[in-house]
Every structure is written in C-alpha cells, then in structure tokens.
Amino acid sequence: MCAPSVKAMEHIAFLGLGRMGLPMARRLLAAGHPLTVWNRTAARAEPLAAAGARIAADPHDAVADADIVVTMLADPDAVHAVVAAFAPALKPGTRVIEMSTIGPAALRAIAAELPDGVHLVDAPVLGSVDRAEAGELLIYAGGDTDQVTDVLAHLGTVLPCGALGDGAALKLVVINAVVGGVALIGEALALADALGVPAGAAERALAASPLAGPYARATATGSDFAVRLAAKDVRLAADAARLPIAEAVLATLTAFPDVADADLAQVTDRIRARG
C-alpha cells in the first residue's frame, strides 16, 4: 500500500456543518485528512467526532493548527462573523477556502480581514446534498487554486473562473438563473392548469423541450436546497444589478414561508396551487 502524500495529510479546519457542510466535511475526513470541525450548533458535529474529527470550542480554536481552513456558512453576515473570530489565529501560509455563496463584494471584504501571508480562494459550489455526499459538486473557483486542488478534488469538479472573487460572481450568475428557471416552470404549469391542458401533457412537453433542465430541477425529489437559501442567493444577485425578473422571483420565494426550509422544488407546487 502506498503511503499517503504530505498534502493528503494536511490538517483541515471545516467551519459550518449545515446541510451541505456536513457531507463535505465527511468526505474530507474519509479521504484521510486530520479534521477539526466547528458549527454554531455543536450537535451537528457529533457524527464527525465519532468518525475521528476533533470538535473545536469556537472558530479561533478550530483554525489554530490548521493548514487549510474551509468555510461553508449560510450568508455573508455569518461568514464575516466567523472569519473575524478566527483571523487572529491563522498562521502564515494557511490557505482559506471560502465555499459559501456570498457574492464577490462580501468575498473582497473577507479578503481584507485576513492577515498577511494567508492565501484565500473563493470556491462556492453548485449542487445539492446528494451531490455533496457523492463528491460531485461543481466548484466555481476564483484565485490561485494550485495549493488547494487536491482538497477540492475530494468534493467535486473544479471550474477555474479567473481572479479572486470571480468564482463568487459566477456562482451568483448561475444560481440566479437556476432559481429563476424553477419559478418559471411553476408558472408554466399554473398556466397549463388555467388553460385546461390535459393532465400530464404540460409535464411531458416541458421535459422534452429546451427547458428540460429547469423542469428536472423544478420537479426533483432527491435534492435539498432550502427555499430560504435560494431566496438569499437571488437577493444577492438583485442587490448587485438591476434585475426586475430576479426581484419578482425573490418576491415569489418569500411568499411561501411554510416551505422556507423545504427544497426549492416545493415552490413549483406552491406557484401551481396559487394559480
């Protein structure tokens, strides 16, 4: 058996064990990396501790001995607060991989908070929990990824996007289109109902059309991307440019608080029921 490489044994700190963060951290642990984890709700870390990870008391403690730090948090405010808490503990040469969806403006603010000698990469992901578990995420990477390629490879396919912040920007572009597509499918099905299109005909037609991709996501049953997080992503896009359609989609997403924690596909049914 070949001995693991030096890089494979680099110590990783993973902060943020939500729906996506937990399976991502589990993959890094399974790959052989010494792993320290932190989550605001500590109980989320217990399955990883049982598998050999160390649970940190706070973000500062989490990164103290880390070679690589991964953040996977809910929104820009959460990332800002956590980075502010751990930045003083980062040693020179530490690599920070920011994988949350926060947009380029917030990413630049985070970069300004890091001490000299710390290398930052933005690497937000596209894909739901099932993709995270399988290591099949699409990773939009900005900046120099050479020092973290091996780590990211455990999580999915890396798509180099250019300079630091370009990954964060491209993720907003893509996710805004995806979420808008789901809302569009919901309205298409509502229109079919209003026009009396025979049951199943609209579904079959959409599945066989150029909208097959959005239709598949709008009717998915195995995905787990909370509506409230989709709304956050669309809000970031709408704040970055004048996007009337995105603003309308945001209003739709926030109109159904009963499914805020459900998968985005639930919005399709709500739009259809509303007519």
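This one's a predicted model, so the numbers in the text were calculated from it and none came from an experiment. Sequence positions are assigned chain by chain, starting from 1 and proceeding in written order. It should be noted that, the model being predicted, local features are given only for residues of pLDDT at least 70 and side-chain atom pairs only at 80 or more, the latter also being counted only at that level, while totals for whole chains, interfaces and linings use all residues. Excluding hydrogens and water, the side-chain figures rest on all heavy atoms present in the structure.

Draft legend 1. Looking closely at the environment of Thr149. Segments assigned H or I by DSSP are reported as helices when at least four residues long, segments assigned E as strands when at least two residues long, and all are numbered from the N terminus. Position of Thr149 among the secondary structure elements: in helix H7 (residues 149–153). Residue exposure (1.4 Å probe, protein chains only): buried if accessible area is under 20% of the type maximum, exposed if over 50%, otherwise partly exposed. For Thr149, a relative accessible area of 35% translates into the label partly exposed. Counting along the chain gives 37 residues from Thr149 to Gly186, while the straight-line C-alpha distance between them is 38 Å.

Draft legend 2. Layout of the environment of Ala25. Relative to the helices and strands, Ala25 is located in helix H1 (residues 21–30). Ala25 sits in the buried class, given a relative accessible area of 0%. Considering only alpha carbons, one finds Ala25 and Thr36, 11 residues apart in sequence, at a separation of 9.4 Å. Any two residues whose heavy atoms approach within 4.5 Å are treated as being in contact. Not counting residues within four places of it along the chain, the set of residues in contact with Ala25 comprises Phe14, Leu17, Leu35 and Leu48.

Draft legend 3. The arrangement of the environment of Arg54 in detail. Along the chain, the position of Arg54 falls in strand S3 (residues 54–55). Considered as a pair, Arg54 and Thr36 are 18 residues apart in the sequence and their alpha carbons are 4.6 Å apart. The residues touching Arg54, leaving out its near neighbours within four places in the chain, are Leu35, Thr36, Val37, Asp61 and Ala62.

Draft legend 4. Representation of a nonpolar patch on the surface. Patch membership is restricted to residues that have no salt bridge and whose relative accessible area is over 30%. Joining uses 9 Å for like charges and 5 Å for the nonpolar side chains Val, Leu, Ile, Met, Phe, Trp and Tyr. A 1.4 Å probe and the Shrake-Rupley method give the accessible areas. Residues count as covered only by the protein chains that appear here. In the sections that follow, a salt bridge refers to a side-chain nitrogen of Lys or Arg positioned within 4 Å of a carboxyl oxygen of Asp or Glu. Residues Leu191, Leu195 and Val197 make up a contiguous nonpolar surface patch of about 290 Å² in total accessible area. Mapped onto the elements, Leu195 comes out in helix H8 (residues 166–195).

Draft legend 5. Representation of the UniProt feature "domain: 6-phosphogluconate dehydrogenase NADP-binding" (unreviewed entry) in the chain in the model. The UniProt feature table records "domain: 6-phosphogluconate dehydrogenase NADP-binding" (unreviewed entry) at residues 12–154. Measuring from the first to the last C-alpha atom of residues 12–154 gives 13 Å, for a span that is 37% helix and 21% strand. UniProt positions are given in the numbering used here, feature names are shortened, and annotations may be inferred rather than shown by experiment.

Draft legend 6. Looking closely at the packing of helix H4 (residues 76–86) against helix H5 (residues 103–113). Direction vectors running N to C along H4 and H5 enclose 5°, while the axes themselves pass 10 Å from each other. Comparing the axis directions of H4 and H5 gives the class roughly parallel. Along the contact surface, H4 presents Pro76, Val79, His80, Val83 and Ala84, while H5 presents Ala106, Ile110 and Glu113. Of the residues contributing to the contact of H4 with H5, the split by class is six nonpolar, one polar and one charged. As a rule, the C-alpha atoms of each element are fitted with a line to give its axis, helices using only the stretch in contact, and angles between N-to-C directions run from 0 to 180 degrees. Should an angle fall under 35 degrees it is called roughly parallel, over 145 degrees roughly antiparallel, and 65 to 115 degrees roughly perpendicular, with every other angle called oblique. Residue polarity follows a fixed list, in which Ala, Val, Leu, Ile, Met, Phe, Trp, Tyr, Cys and Pro are nonpolar, Asp, Glu, Lys and Arg are charged, and the others, Gly among them, are polar.

Draft legend 7. Fine view of the side chain of Thr71. Relative to the elements of secondary structure, Thr71 occurs in strand S4 (residues 68–71). Classification of Thr71 as buried rests on a relative accessible area of 0%. Discounting chain neighbours no more than four positions away, the residues touching Thr71 are Leu15, Phe86, Ile97, Glu98, Met99 and Ser100.

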